[in-house]
Amino acid sequence: MNTDTTPIATIEQRLDAIQTVLQRHGMQPTEFINTFDELAHEHWVPANGAGLIARAWTDPAFKQLLLTDGMAAIREAGLRMPPHHRHFVVLENTADIHNVICCTLCSCTAFTIIGLPPDWYKDLAYRSRVVREARTVLREMGLDLPAQTQIRVWDTTADTRYMVMPQRPSGTEALSVEQLTALISKDALIGVALI
Ligand code: FE
């Protein structure tokens, strides 16, 4: 709580102040924000990761590549990650093992592949609890896993980014890669939902 009598600037005033300083130093914050916004909403979308998974479900050789050398699979698919994302690790769910990802430190994800992290992913409650009581957290989020399913929680680091490979649902044998891609949500790629 602020016990000082100095009035606190509003968020808008703080933004204006930061923009003014950046512009004074010859930087272009408005252009950056517009570019970033376009990247975030048009290019860094979960359909990228979903497409990788759908292709892996239908192409054993690509699945092998995706699970053993995620960066090579991304390159082959024409996708990109920032240079500081040095490792891309894909975690395969099975009948016995369910994977879920988090960033206990902040909000790291493979954001160019699975999209920007949801707000709840950045909350202290999720970050601190999923590593201690994953089963309970997942149940609260609507994913009630069988008691015999082993849950593995993966804590993202600055240079290692993860994506969960959900199990392919039965009855989807006739679907195309595009149709399969449409089934796969960002939540499933994080591991808090099934397909
Ligand atoms: Fe982080």
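These numbers come from a predicted model, not from an experiment. (Residues numbered from 1 in each chain as written. Predicted model: local features only at pLDDT ≥ 70, side-chain atom pairs only at ≥ 80, totals over all residues. Heavy atoms only, no water.)

Colleague: So what's going on with the overall build of the chain? Residues and values would help.
Modeller: Helix and strand counts for the chain stand at 11 helices and 4 strands. Taken along the three principal axes of its C-alpha coordinates, the chain extends 60 × 40 × 25 Å. Within the chain, contacts between residues separated by at least 24 positions form 67% of all contacts whose residues are at least 6 apart in sequence. Accessible surface, the chain as shown: approximately 11500 Å² in total, 55% of it carbon and sulfur. Treating the 17 positive side-chain charges of the chain as one cloud and the 22 negative ones as another, the clouds have centres 5 Å apart. (Helix = DSSP H or I, 4+ residues; strand = E, 2+ residues; numbered from the N terminus. Contact = heavy atoms within 4.5 Å. Areas by Shrake-Rupley, 256 points an atom, 1.4 Å probe, with all protein chains shown as cover. Lys, Arg positive; Asp, Glu negative; His and termini not counted. Charge placed at Lys NZ, Arg CZ, Asp CG, Glu CD.)

Colleague: Residues and numbers for the packing of helix H3 (residues 46-58) against helix H4 (residues 60-68), please.
Modeller: Their axes nearest at 5 Å, the elements H3 and H4 cross at an angle of 130 degrees. By the angle class used here, H3 and H4 are oblique. As H3 packs across H4, the resulting crossing turns out to be left-handed. Contact residues: Leu52, Ile53, Arg55, Ala56 and Thr58 in H3; Pro60, Phe62, Lys63 and Leu66 in H4. (Axes fitted to C-alpha atoms, helices over the stretch in contact; angles between N-to-C directions. Parallel < 35°, antiparallel > 145°, perpendicular 65-115°, else oblique. Left-handed = near helix turned anticlockwise from the far one by under 90°.)

Colleague: Describe the packing of aromatic side chains, naming the residues involved and giving the relevant values.
Modeller: One pass over the structure, following the stated rule, counts 7 aromatic pairs. For the ring pair phenylalanine 32 and phenylalanine 36, a centre distance of 5.8 Å and an interplane angle of 35 degrees mean the geometry is tilted. With phenylalanine 32 and phenylalanine 36 both in helix H2 (residues 29-43) and 4 residues apart, this pair spans about one turn of that helix. With a centroid separation of 5.4 Å and an interplanar angle of 85 degrees, the aromatic rings of phenylalanine 36 and tryptophan 44 are classed as edge-to-face. For phenylalanine 36, a relative accessible area of 35% corresponds to the partly exposed category. Exposure remark for tryptophan 44: the relative accessible area of 15% places this residue in the buried category. These aromatic residues form a ring-pair network of at least three members: Phe32, Phe36, Trp44 and Phe111. The ring of phenylalanine 62 carries the charged tip of arginine 55 above its face, separated from the ring centre by 3.8 Å. (Phe/Tyr/Trp six-rings, centres within 6.5 Å; stacked < 30°, edge-to-face > 60°. Buried < 20%, exposed > 50% of the residue type's maximum accessible area, 1.4 Å probe, protein only. Lys NZ or Arg CZ within 6 Å of the ring centre and 35° of its normal.)

Colleague: Quick rundown of the coordination of the iron ion? Include the residues and the values.
Modeller: Within the protein, the atoms that donate to the iron ion are Cys103 (SG), Cys106 (SG), Ser107 (N), Cys108 (N) and Cys108 (SG), at distances of 2.1 to 2.7 Å. When the donor residues of the iron ion are listed from N- to C-terminus, their spacing reads C-x2-C-S-C. The class for cysteine 103 is buried, based on a relative accessible area of 0%. (Donors = N, O, S within 2.8 Å, 3.2 Å for Na, K, Ca; no water.)

Colleague: Tell me about the nonpolar core, and please be specific about residues and values.
Modeller: Formed by 41 residues in total, the largest nonpolar core has its most connected members in Leu52, Leu66, Phe88, Ile113, Tyr126 and Met163. In contact with leucine 52, other than residues within four places in its own chain, are Phe62, Leu66, Ala73, Ile74, Ala77, Leu79, Phe88, Ile113 and Met163. (Core = buried A, V, L, I, M, F, W, Y, C linked by side-chain atoms within 4.5 Å.)

Colleague: Outline H3, listing residues and values.
Modeller: The end-to-end C-alpha distance of H3 is 19 Å, a good match for the 18 Å that 13 residues give at a rise of 1.5 Å each. Considered for burial, the residues of H3 that qualify are Asn48, Gly49, Ala50, Leu52, Ile53, Ala54, Ala56 and Trp57. (Expected span 1.5 Å × (residues − 1).)

Colleague: I'd like a rundown of the environment of proline 166, residues and numbers included.
Modeller: Relative to the helices and strands, proline 166 is located in the loop between strand E4 (160-165) and helix H10 (177-183). You can call proline 166 buried: its relative accessible area is 5%. In this structure, the C-alpha to C-alpha distance between proline 166 and isoleucine 53, residues 113 residues apart in sequence, is 7.9 Å. Apart from residues no more than four positions distant in its own chain, proline 166 is found in contact with Ile53, Trp57, Asn93, Ile184, Ala188, Leu189 and Ile195.

Colleague: Now, about the pattern of salt bridges: what can you tell me, with residues and values included?
Modeller: Here the structure, examined in full by the defined rule, presents 7 salt bridges. When the shortest N-O distance is used, the salt bridge between glutamate 76 and arginine 55 registers 2.5 Å. Residue glutamate 76 is found in helix H5 (residues 70-76), and its partner arginine 55 is found in helix H3; the two are separated by 21 residues along the sequence. The exposure class assigned to glutamate 76 is partly exposed, which follows from its relative accessible area of 47%. The partner of arginine 129 in a salt bridge is glutamate 133, with the nearest N and O atoms 2.7 Å apart. What you see here is one network of salt bridges that share partners, running through Arg129, Glu133 and Glu140. (Salt bridge = Lys/Arg side-chain N within 4 Å of Asp/Glu carboxyl O.)

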